[in-house]
Amino acid sequence: MREYIIPFDTNNTPKEYTDVVIVGCGIAGLYTALMLPSDIDVTIVAKEPYKETNSYLAQGGIAAPCDKFNDTKEMFFNDTMVCGRGESDTEAVNILVNEAMDNIIQLEKLGVKFDKDDNGFLLGKEGAHSVSRIVRSGDSTGKSVMEALYHLAKSRENINIRENIFVIDILTYANKSTGILILDDGRVKSIFSKYTIINTGGIGNLFEQTTNAKGINGDGIAMILRANGIVRNMSYLQFHPTVFYNNSSLKQSFLISEAVRGEGALLYNERGERFMEKVHPMKELAPRDIVSLAIMQQIKKQITPCVYLDITHWNEEALKLRFPTIFGFCQRNNINMAENLVPVAPRMHYFMGGIKVDINGKTSIKNLYACGECSCTGVHGKNRLASNSLLEAIVFGRRIARNIKENIYDIIDNDKDIRIVNVDSSYKIMEDEHTIAKWMGQYFGIDRTIAKVKQLENKINKAYCNAKKTNIICREEIEKVNMISVIKAIINDDLNKKITKKTNLN
Ligand SMILES: Cc1cc2nc3c(=O)[nH]c(=O)nc-3n(C[C@H](O)[C@H](O)[C@H](O)COP(=O)(O)OP(=O)(O)OC[C@H]3O[C@@H](n4cnc5c(N)ncnc54)[C@H](O)[C@@H]3O)c2cc1C
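It should be emphasised that the depicted structure is a prediction, and the values quoted were computed from it without experimental measurement.

(A) Quick peek at the overall build of the protein. Scanning the protein for helices and strands turns up 14 helices and 22 strands. Taken against the 2.2 N^0.38 rule, which gives 23 Å for 506 residues, the C-alpha radius of gyration of the protein at 22 Å falls within 12% of a compact globule. Oriented by its inertia axes, the alpha-carbon framework of the protein measures out at about 65 × 55 × 50 Å. Across the 506 residues in the protein, those meeting the buried criterion constitute 61%. Sequence separation of at least 24 residues holds for 74% of the intrachain contacts in the protein that already meet a minimum separation of 6. Charged side chains of the protein number 64 positive and 61 negative; the gap between the two group centres comes to 4 Å.

What follows is the structure, encoded as structure tokens:
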């Protein structure tokens, strides 16, 4: 790894001070901010507006064990562990399961409206859940949650939300976080804080095609890598099985929620044959990694690069009522879900790995927390159970807020102007981001092999070696540097895990 350079002195930058700085304005950032006491100054910084987040796009809902359908915490625990291929952390999963309902109720108190009738929550069913337990708000749960949290946070005097500001790096000193370095309207500035929380989301845009929102490309993880922080399970990526297939070159692909299969939709190959029956006892509702792999195997055997989702046994009225967003999207693409099959294919969707945190969201760097998709609490293991992601963000977000509340009043504010910058922003990667993202699609897909990953490694190493020095600090170039460093960490983890597994088998 090239040595980090310090391109400028934060002493020469305008400085701001806050108690807690939060990087990211998705569910993890907003909920954590709202859980902090009102006498703590919080600054939320995000590079895109709040609607441009994965949180806003979430469709299905939030998993939680309710008293309905004979569900129990033990059943939810088991489903999460089985789906995670036995690699989930039992302590973290226990916390997730036990604190789920409390946090859903907390969301309601903050103004989120979930679908309910006289008997309580209306619950959806999704893959690998043994019962219906997804608390939802139509088929746009993320939008409902985000609208409520964002507007409430905006109204709080102690919370300052600043969108369209790019965070270049975290400031650290002696393995302790002291704030962040930002790019605000072309100017580099420093925000010093007692605590910093990274909530930068996943890595979807490292791939050519993804369900993820614009700008979600692993920046926070790259910042941690530069600061020599610890990451974990970097090669554990989730490809969603049913993403609307069209042959346009649009990067962001539209998700057809698993909830549609939860309501009985079936999968067919191009010959009109159901194929999941032979693959897994849960058929179309098997865990995501299994369904995605089965679809890829079908696609390899056929001419058409997609399979088909059939929910035509529902009528138009019912579909419009239950899935207004998905129905509307399909209709705009000339597909009436009540009459036509929906073409779907797997696409990059979710990141199970990330910044290693403990059960209170603490990273390996002092005073630095991480939460949401950028973090790795260990709850998802190797494969996330559907609708456990929003849940993880709220459960661990609240734990972070509690942990900060317990400690912040003891901090003697003596680190104010400490200014070690980790950024390697003086390098320009010559390849454009589309080329890099294309490589990921080609060499790091569902069916990747050691040979393919090594080919990717060569390409990434070359791109790194060909980088040219520059003095210009700009968002696009830093994002590319971030992409390369996160991809390198993904490749290393994948090869290490594959090679260790091979050695163990021998
Ligand atoms: C289409 C879709 C549907 C989904 N449906 C569900 C579902 O039904 N249930 C479920 O549990 N999960 C679902 N997920 C997953 C879930 O939505 C995400 O994992 C979760 O919302 C992530 O929240 P977050 O707060 O960690 O990140 P995000 O909501 O992605 O927010 C990340 C924030 O970080 C900011 N940021 C990033 N880098 C920088 C930087 N350098 N400087 C400043 N700001 C930065 C971004 O601007 C953004 O504000 C879905 C995901 C997608 C894409």
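Read on for the rest.
(B) Structural detail: the environment of Val20. In this structure, Val20 sits in strand 1 (residues 15-23). Separated by 176 residues in sequence, Val20 and Thr196 have C-alpha atoms that sit 5.7 Å apart. When residues no more than four places from it in sequence are discounted, the contact partners of Val20 are Leu36, Ile40, Asp41, Val42, Thr43, Ser193, Tyr195, Ile197, Ile404 and Ile408.

(C) Summary view of unusual backbone geometry. In this structure, Asn228 is a non-glycine residue whose phi angle is positive, near 60°. Secondary-structure assignment places Asn228 in the loop between helix 6 (219-226) and strand 12 (231-232). Asn228 sits in the exposed class, given a relative accessible area of 61%. In this structure, Asn233 takes a positive phi of about 45° despite not being glycine. Checked against the element boundaries, Asn233 lands in the loop between strand 12 and strand 13 (237-244).

(D) Focus on the nonpolar core. Counting residues in each nonpolar core, the largest one holds 66 residues, and the members touching the most others are Val20, Leu30, Ile44, Leu107, Phe114, Leu149 and Ile404. The greatest single-element share of this core, amounting to 9 residues, is contributed by helix 11 (residues 389-407).

(E) Local environment of helix 10 (residues 324-332). Turning to helix 10, its buried residues number three or more, namely Ile326, Phe327, Gly328, Phe329 and Cys330. Where helix 10 is buried, its residues meet strand 13, helix 7 (258-262), helix 9 (316-322) and strand 16 (342-351). Phi turns positive, to about 65°, at Asn334, one or two residues after helix 10.

(F) Structural view of the domain arrangement of the protein. Domain boundaries assigned for the protein yield domain 1 (10-202 + 211-216 + 352-411), domain 2 (238-348) and domain 3 (427-505). The gap between the C-alpha centroids of domain 2 and domain 3 is 30 Å. At the interface, 7 residues of domain 2 touch 6 residues of domain 3. Taking both partners together, domain 2 and domain 3 bury about 480 Å²; carbon and sulfur atoms supply 73% of that area. Asp447 is paired through a salt bridge with Lys300; the nearest N and O atoms lie 2.7 Å apart. At the junction of domain 2 and domain 3, the tally comes to 1 residue pair in polar contact (both at pLDDT 80 or more). Sorting elements by how many residues they give to the side of domain 2 that touches domain 3 places helix 8 (residues 288-301) first, with 4 residues.

(G) Inspection of the site of the ligand at higher detail. In the vicinity of the ligand there are 39 residues, among which Ser55, Gly61, Asp219, Glu373 and Ser389 approach most closely. Here Ile27 contributes a backbone N or O atom positioned 3.3 Å from an oxygen atom of the ligand. Measuring from a nitrogen atom of the ligand, one finds a backbone N or O atom of Val167 at 2.9 Å. For the ligand, whose free accessible area comes to 1000 Å², the fraction covered by protein is 98%. Counting only elements with at least two residues in the shell around the ligand, the list comes to helix 1 (27-35), helix 2 (54-57), strand 9 (166-173), helix 6, strand 16 and helix 11. For the shell around the ligand, the element with the most residues is helix 2, which contributes 3 residues. In terms of residue class, the shell around the ligand is built from 16 nonpolar, 18 polar and 5 charged.

(H) Looking closely at the sheet that holds strand 19 (residues 375-376). Here we have 3 strands laid out as an open sheet, ordered 12-17-19, and mixed in their pairing. The open sheet has two edge strands, strand 12 and strand 19, and neither has a second partner. Pairing of strand 12 with strand 17 (residues 354-356) involves 2 bridges; the strand directions are antiparallel. Bridge pairing in strand 17 links Arg232 to Gly354.

(I) Structural context of the environment of Glu284. Positionally, Glu284 belongs in the loop between strand 14 (266-268) and helix 8. Expressed as a C-alpha distance, the spacing of Glu284 and Leu309, which sit 25 residues apart in the sequence, is 9.9 Å. With residues up to four places along the chain from it excluded, the contact list for Glu284 reads Arg261, Ala265, Leu266, Leu267, Arg274, Met276 and Val291.

(J) Examining the sheet that holds strand 6 (residues 123-124) more closely. The sheet built from 3 strands is open, its strands ordered 3-7-6 with antiparallel pairing. Across the chains shown, the open sheet's two edge strands, defined by having one partner strand only, are strand 3 (62-63) and strand 6. Two elements, strand 6 and strand 7 (residues 134-135), share 2 bridges in a ladder whose sense is antiparallel. The partner of Gly124 across the bridge, within strand 7, is Ile134.

(K) Structural detail: the pairing of strand 10 (residues 176-184). Of all 9 residues in strand 10, 8 are buried, a share of seventy percent or more. With 7 bridges connecting them, strand 9 and strand 10 associate as antiparallel partners. Residue Tyr173 lies in a different strand from strand 10, and its bridge partner there is Lys176. Bridge count between strand 10 and strand 11 (residues 187-198): 6 bridges; the pairing is antiparallel. Residue pairing for strand 11: Gly179 is matched across the bridge by Phe192. Linking two consecutive strands that pair antiparallel, namely strand 10 and strand 11, is a turn of 2 residues; a positive phi of about 55° is found at Asp185 within it.

Criteria and cut-off values
- Residues numbered from 1 in each chain as written.
- Predicted model: local features only at pLDDT ≥ 70, side-chain atom pairs only at ≥ 80, totals over all residues.
- Heavy atoms only, no water.
- Helix = DSSP H or I, 4+ residues; strand = E, 2+ residues; numbered from the N terminus.
- Rg over C-alpha atoms; globule rule 2.2 N^0.38 Å.
- Buried < 20%, exposed > 50% of the residue type's maximum accessible area, 1.4 Å probe, protein only.
- Contact = heavy atoms within 4.5 Å.
- Lys, Arg positive; Asp, Glu negative; His and termini not counted.
- Charge placed at Lys NZ, Arg CZ, Asp CG, Glu CD.
- Core = buried A, V, L, I, M, F, W, Y, C linked by side-chain atoms within 4.5 Å.
- Domains from an automatic or database assignment.
- Buried area = accessible area lost by both parts, 1.4 Å probe.
- Salt bridge = Lys/Arg side-chain N within 4 Å of Asp/Glu carboxyl O.
- Polar contact = N/O pair within 3.5 Å; in protein donor to acceptor, adjacent residues only side chain to side chain.
- Near = heavy atom within 4 Å.
- Areas by Shrake-Rupley, 256 points an atom, 1.4 Å probe, with all protein chains shown as cover.
- Nonpolar A, V, L, I, M, F, W, Y, C, P; charged D, E, K, R; others polar.
- Pairing = 2+ DSSP bridges.

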